[in-house]
Amino acid sequence: MRRLSNWLLGGFISVYALFVLVPIVWLAIGSLKTRFQSLRSPPTLIFQPTFEAFQKVLAGGVGHVFGNSVTIAGINVMLALLLGIPAAYALSRMRRPARKNLAFWVLSIRLAPAFGLVIPLYAFIRGIGLIDTLGAVVVAHMTITLPLAIWLMMSYFDDLPVDIEEAAIIDGASRLGVLWWVIIPLSGPMIVAVALLVFVFSWNEFLFAFILTSSEAQTVPALIASLAGTMNFDWPLMSAISVTALLPAFIVILFAQRAITEGLTMGAVK
Amino acid sequence: MVSFARRSARFPGVFLAPAIITLAAIVLFPTAYLLYLSFRHWVVTRPEKYFSGLANYGLVLGSSTFWHSAATTAVFVAASCLVTLVLGLALAVALNRRFRGRGVIRALVVLPLLIPPVVAGFTWRFLLNREIGMLGSWILPSLGLNASMLADPNLAMVSIVIADVWSRTSFMFLILIAALQSIDMSLYEAARIDGASSRQEFTFITLPLLVPAIIVGLIFRAIEAVNVFDLIYVMTQGGPGTATQTLSLYGWRVAFTSFDIGRGAAIAVVMVIFAIIGTTLLSRRVLR
Amino acid sequence: MGGSVDGTLAHNEFVTKQLHTDPAWKGFRLMSRSLRYLLAIVALAVIALGAAQTRINVISFSQGFAFPDLFGSSGTEKSDRLLAFEKENNIVVNMEWGDESAVRQKVLTDLISGTGRYDVILLGTDGAVQTYGYAGFLEPLNAYLESGDFDAWFDLEDIYPSIIEANTVEGNVYGMSYYAFGPGMVYRTDIFDRYDVEVPTTMVEFEAAMAKLKAGLAADGISDVYPLTMRAGPGEEPSLDVTGFVYAYAGYPAWFEGGAATVEDIKANKAQPDFTGAFRPGFEAFVRLAREYGPPGIATHTWVDMMNLYSQGKAVVLFPSAINAYAGIGSTELAEVRDNSAFAAVPVGPSGKQVQSFWSFSFGINAASRNKDDAMKVLALLTGHDALQAFADMTVWPAAPYASVMRSDTLINRYGEEEVLLNEEAMRDSETHYFPYIPELADFMFQIGTATSQAVSTGDVTRALADLQKWAVETMTAAGYYR
């Protein structure tokens, strides 16, 4: 029985891995073609590869755009964790009625669709003079990443048994101490997962980043979109940038995997 | 227990205050402004701007295009959530066991998350293109599918669901696997001693303990799916015709092509209200 | 990172305040303080540097493609000519690029909020010029043009009148063209010869030619070459062409009863939309041609797809927006496409009028700009004679708004005098107002295009037009035309 289910799951993983890989491979292949080649009908898998797309990437000075994306995403992670974990913990342990309202309010912020917020957000950011700054994009992203972090951590804390906290408090620990020495070590995997999700959301977010920036604070998705325009559909260039964006991120993920496993062993020692 | 309750009342304000203040500061103004806009008549091409009460809401709720978009959104959200849940769950369970190369497979599974939806949309649009895409012009026709995935109204919906699933299953996977890994091992040991099969373990231990995480995941996925914009815009622009025009795209059109800002704002507010109702029903359990 | 100074300052200030109470965060506070000082110094330096010159912000799409003589092939390197201009006029030109729909979005957000962020903005004559013009977002250029100050840049005699007309709304000139095109038909002479097809001059002949091509290709077992490539993607994509058909089949812009095509006419006659009436024949013809003779995915095709198909040698005829074929010829790697393409005047419809398709890539000045005079100078640089000649030299497209550029050696050498004159005729003799110039134009173009896409994909013309009519009546009534 166990062997059959192993085989099934193994097969499923293989199929899914293929599903994930096909577009990525297509992207990678695309980055090695010339524009004309990329538009062949039907498409060719065997062709003369060229690095001209990557050359354009390197020549185009996209380093600072990547830097922007990393900075914005990084700040988002820091703030989401810094502000979100204490808030989530408080919400999780609070008495019932007050918590219900607050928690709900926190979540409902995330509900507004992007198009609804574009004009108000633009007017607001313009009003405080932050157009085309990293701060503007951080602020815009925080409206989504902070509630996300709070909500995820809160539901995780809900399931953490209170015995250890109780024991620590009886021993005279402050709430901050409990948070720092008990809760956070126990939440390793979840914190890493949340940090990852926040980073990724910020990294990928396109609409606000595009509307609120021009050249100084431009992010990677905005750059890609500006190149994949209707006027000059440069598929290889877009693919090259996407591939370049992927590589460091892929490495980061590989490390995060290890962190999750390590966090797991920590969590097992209760 | 009583002393604990009294102690738990003494949470330093600095725990919640920073988060609440930040959110209030950066969200309150835009949302208030959005609400304000929805009560005004403001069409960019017309000089008159005035307070119009619930007129915009009346126009929105009375418009058949709105309800058509709502139906399209419902189909998209349901399909996408269901598929990502099933796939995410299967992946979480499968990748919870130890095997060689697990780290690499996990990294691979998470990979689509790193690709901005804009790029994912372009890539899938390219792949499915009937004339120049590897899938659309080569593989699918050779399997017998001759219609264009993006030009046929029904297949276009399938296409965007596939792209969305590709892009967002990793999210569901991450939530579920974190929850899966925090399940106490001793429960399984006890069950095994009692002679439970792996399927029984799954049904009676794993699944019930995963329900909170599943609900959280579904809520977030659903909200995200309702608000999906970049992906669909880039793949089909809401087309062909209006076959994939979800509320997000419809609202965008009203605000930025018909230039009716007031009505666009009203659509956004209506969407939020729908979402609040939906998530309240779903999350009654979690907010226990 | 210079531009983020103020934001980071405020941001640091805020975070620091929150952590002020907790002694554990002293280190963080110290760090942010020195960071603050550093940033203040940088800020002062930046302000000092930027103070002297006027900054003019321009936004456009086609990075690396448009303005090669000013911004290089990457779009980011300022050429010597541009630098000289900047020095002479004490202006810094800040160019922002983006994808077409995204740029339009940004322009719209800026115009709606009245923030005056962009001084010189990209416009199209298929909605932006009209809608923004009526809404008062654009600065009329008449005074500048008539003042004589810009004669060195613009020779008003040299520009085709139709171009100025296309950029004019109720007497106000709102844009200057960078390139423009009229209708035409580009076809593969070798394939026409192979199947013994003659160049059609009426739409009836055109359909016959299509049928002959289709039969011939099928007989030869060729299944991946299509007689026709057009665009029918949703949104405003196909509208220029579809409305051109409508014009040719009805003989006038058949959008409203009686052919009313201006705000005054519609209001005076209370002319209701006529989409299920006189609009239908041209619409139906377009849909029929697309479905029968176009590629399967045509209901999703943008002009890019249309162009690609032709440049890949997979289509025999591209029409009526022939300029896209020239783009395709320019980028093709297939000799048979490059050497066997020819231009023909577009056929006439049943009414005796030609099928229309006219568009201009124009630039205008934001009415909320704080530096309009300087913006005009930049506009003159961008759309003056030299810029247009450089564009023509680079792309070799017969799409120049200036007669002198159109007839310049570059184009004549490439296409021969006859073809150049045909293109000129198409642009010069275009009926640029073949659709109504009303404030709601952008919205109508979007809606008509979507209806086209729907009809092409489902085949149901009646339903698409019925929906369109209903929407039009609602929109026009709400806009107050029939009070």
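The structure presented is a predicted model; accordingly, all values stated were derived computationally and were not measured.

A.B. asks: What is the right way to look at the sheet that holds strand β8 (residues 226–229) of chain C in this model?
C.D. replies: Backbone-to-backbone hydrogen bonds join strands into a sheet, with any given pair of strands oriented parallel or antiparallel. Residues and elements named next belong to chain C. Strand order in this open sheet of 4 strands is β8-β9-β7-β10, and the pairing throughout is mixed. The open sheet has two free edges, formed respectively by β8 and β10 (341–344), since each of these has just one partner strand. Taken over all neighbouring pairs, the strand axes of this sheet differ in orientation by 25° on average, direction set aside. Along the sheet, helix α14 (residues 303–311) contacts β7 (185–188), β8, β9 (315–318) and β10; its crossing angle with β9, the most-contacted strand, is approximately 135°.

A.B. asks: Help me out: how do you make sense of the pairing of strand β11 (residues 359–365) of chain C in this one?
C.D. replies: Each regular strand displays side chains that alternate between the two surfaces of the sheet. Residue and element names in this part refer to chain C. Among the 7 residues in β11, 7 count as buried, and that is most of the element. Of the two faces of β11, the one carrying W359, F361, F363 and I365 and the one carrying S360, S362 and G364 are both buried. Where strand β3 (residues 120–124) and β11 come together, 5 bridges link them in antiparallel fashion. Residue V120 lies in a different strand from β11, and its bridge partner there is I365. Note: strand β6 (residues 176–181) against β11, 5 bridges, orientation antiparallel. Directly across from M176, in β11, lies its bridge partner F363.

A.B. asks: Looking at this structure, how should I read the environment of H64 of chain A?
C.D. replies: Along the chain, the position of H64 of chain A falls in helix α4 (residues 63–93). On the basis of relative accessibility, which here comes to 39%, the residue H64 of chain A falls in the partly exposed class.

A.B. asks: Would you mind showing me how to read the pairing of β3 of chain C here?
C.D. replies: Residues and elements named next belong to chain C. By the criterion of burial, β3 is predominantly enclosed, with 5 of the 5 residues buried. On β3, burial covers both faces: V120, L122 and G124 on one face and I121 and L123 on the other are all buried. Sheet topology note: the strand β1 (residues 54–61)/β3 ladder contains 2 bridges and is parallel. The residue of β3 that forms the bridge with V58 is V120.

A.B. asks: I'm lost on the side chain of D110 of chain C in this one. Help?
C.D. replies: For D110 of chain C, the position within the fold is in helix α5 (residues 100–113). Owing to a relative accessible area of 1%, D110 of chain C belongs among the buried residues under this scheme. Separated by 3.0 Å, the side chain of D110 of chain C and the backbone nitrogen of Y118 of chain C make a polar contact. Once you skip the residues sitting within four places of it in the chain, D110 of chain C turns out to touch Y122 of chain A together with T115, G116, R117, Y118 and N366 of chain C.

A.B. asks: Explain the side chain of S341 of chain C to me, please; I cannot follow it from the model alone.
C.D. replies: Residue and element names in this part refer to chain C. Among the secondary structure elements, S341 is positioned in strand β10. Residue classification places S341 among the buried positions, given a relative accessible area of 17%. Here V337 takes part through its backbone oxygen, which lies 2.7 Å from a polar atom of the side chain of S341. Among all residues touching S341, those that are not within four sequence positions of it are V186, Y187, R188, Y310 and I329.

A.B. asks: Could you clarify how one ought to interpret the pattern of salt bridges in this entry?
C.D. replies: When their charged atoms lie close together, side chains carrying opposite charge are able to pair. Under the counting rule described, the total for this entry stands at 21 salt bridges over all chains. Here D260 of chain B and R263 of chain B are joined by a salt bridge, their closest N and O atoms 3.1 Å apart. Relative accessible area serves as the criterion here: at 10%, D260 of chain B is assigned to the buried category. A salt bridge links K78 of chain C to E86 of chain C, with the shortest nitrogen-to-oxygen separation between them at 2.8 Å. The exposure class of K78 of chain C is partly exposed, given its relative accessible area of 30%.

A.B. asks: In this structure, what is going on with the interface of chain B and chain A? I would like to understand it.
C.D. replies: Frequently, the measure chosen for interface size is the accessible area that the parts lose on association. Chain B puts 99 residues into the contact, and the matching count from chain A is 100 residues. For the pair chain B and chain A, the two sides together bury roughly 9300 Å², of which 81% comes from carbon and sulfur. Viewed at the interface, chain A and chain B are joined by 0 salt bridges. Across the contact surface, chain B and chain A share 3 residue pairs in polar contact (both at pLDDT 80 or more). Broken down by element, the residue count for the side of chain B that touches chain A peaks at 17 residues, all from helix α2 (residues 13–38) of chain B.

A.B. asks: Just to check I follow, could you spell out the confidence of the model for chain A for this structure?
C.D. replies: Should the pLDDT be low somewhere, the predicted coordinates at that spot are not to be read in detail. Residue and element names in this part refer to chain A. The share of residues in chain A with pLDDT of 70 or more is 79%, and the mean pLDDT across the chain is 75. Taken element by element, chain A is modelled with least confidence in helix α13 (residues 235–268), mean pLDDT 64, and with most confidence in α4, mean pLDDT 85. Segment residues 263–270: pLDDT under 50, and 5 contacts once partners within four positions in sequence are set aside and those in other chains are kept.

A.B. asks: It is not clear to me how a negative patch on the surface should be interpreted in this structure. Could you clarify?
C.D. replies: Residue and element names in this part refer to chain C. A contiguous patch of negative charge, built from D149, D151, D155 and E157, is present on the exposed surface. Positionally, D151 belongs in the loop between α7 (142–147) and α8 (161–166). Its relative accessible area of 48% is what places D151 among the partly exposed residues.

A.B. asks: Whenever I open this one, helix α8 (residues 153–181) of chain B confuses me. Can you help?
C.D. replies: In an α-helix, one turn spans 3.6 residues; hence positions three or four apart end up facing the same way. Residue and element names in this part refer to chain B. Look at α8: 42 Å from first C-alpha to last across 29 residues, which is about the 42 Å you get at 1.5 Å a residue. The largest bend in α8 comes to about 40°, at R168. Among the 29 residues in α8, 25 count as buried, and that is most of the element. In this structure D152 caps α8, since a side-chain oxygen of it lies 2.9 Å from the backbone nitrogen of N154.

Conventions adopted
Residues numbered from 1 in each chain as written. Chains lettered and ligands numbered in written order. Predicted model: local features only at pLDDT ≥ 70, side-chain atom pairs only at ≥ 80, totals over all residues. Heavy atoms only, no water. Pairing = 2+ DSSP bridges. Helix = DSSP H or I, 4+ residues; strand = E, 2+ residues; numbered from the N terminus. Axes fitted to C-alpha atoms, helices over the stretch in contact; angles between N-to-C directions. Contact = heavy atoms within 4.5 Å. Buried < 20%, exposed > 50% of the residue type's maximum accessible area, 1.4 Å probe, protein only. Polar contact = N/O pair within 3.5 Å; in protein donor to acceptor, adjacent residues only side chain to side chain. Salt bridge = Lys/Arg side-chain N within 4 Å of Asp/Glu carboxyl O. Buried area = accessible area lost by both parts, 1.4 Å probe. pLDDT = per-residue confidence, 0-100. Patch = residues over 30% accessible without salt bridge, like charges linked within 9 Å, V, L, I, M, F, W, Y side chains within 5 Å. Areas by Shrake-Rupley, 256 points an atom, 1.4 Å probe, with all protein chains shown as cover. Lys, Arg positive; Asp, Glu negative; His and termini not counted. Charge placed at Lys NZ, Arg CZ, Asp CG, Glu CD. Expected span 1.5 Å × (residues − 1). Bend = angle between axes of the 7 residues up to and from the residue.

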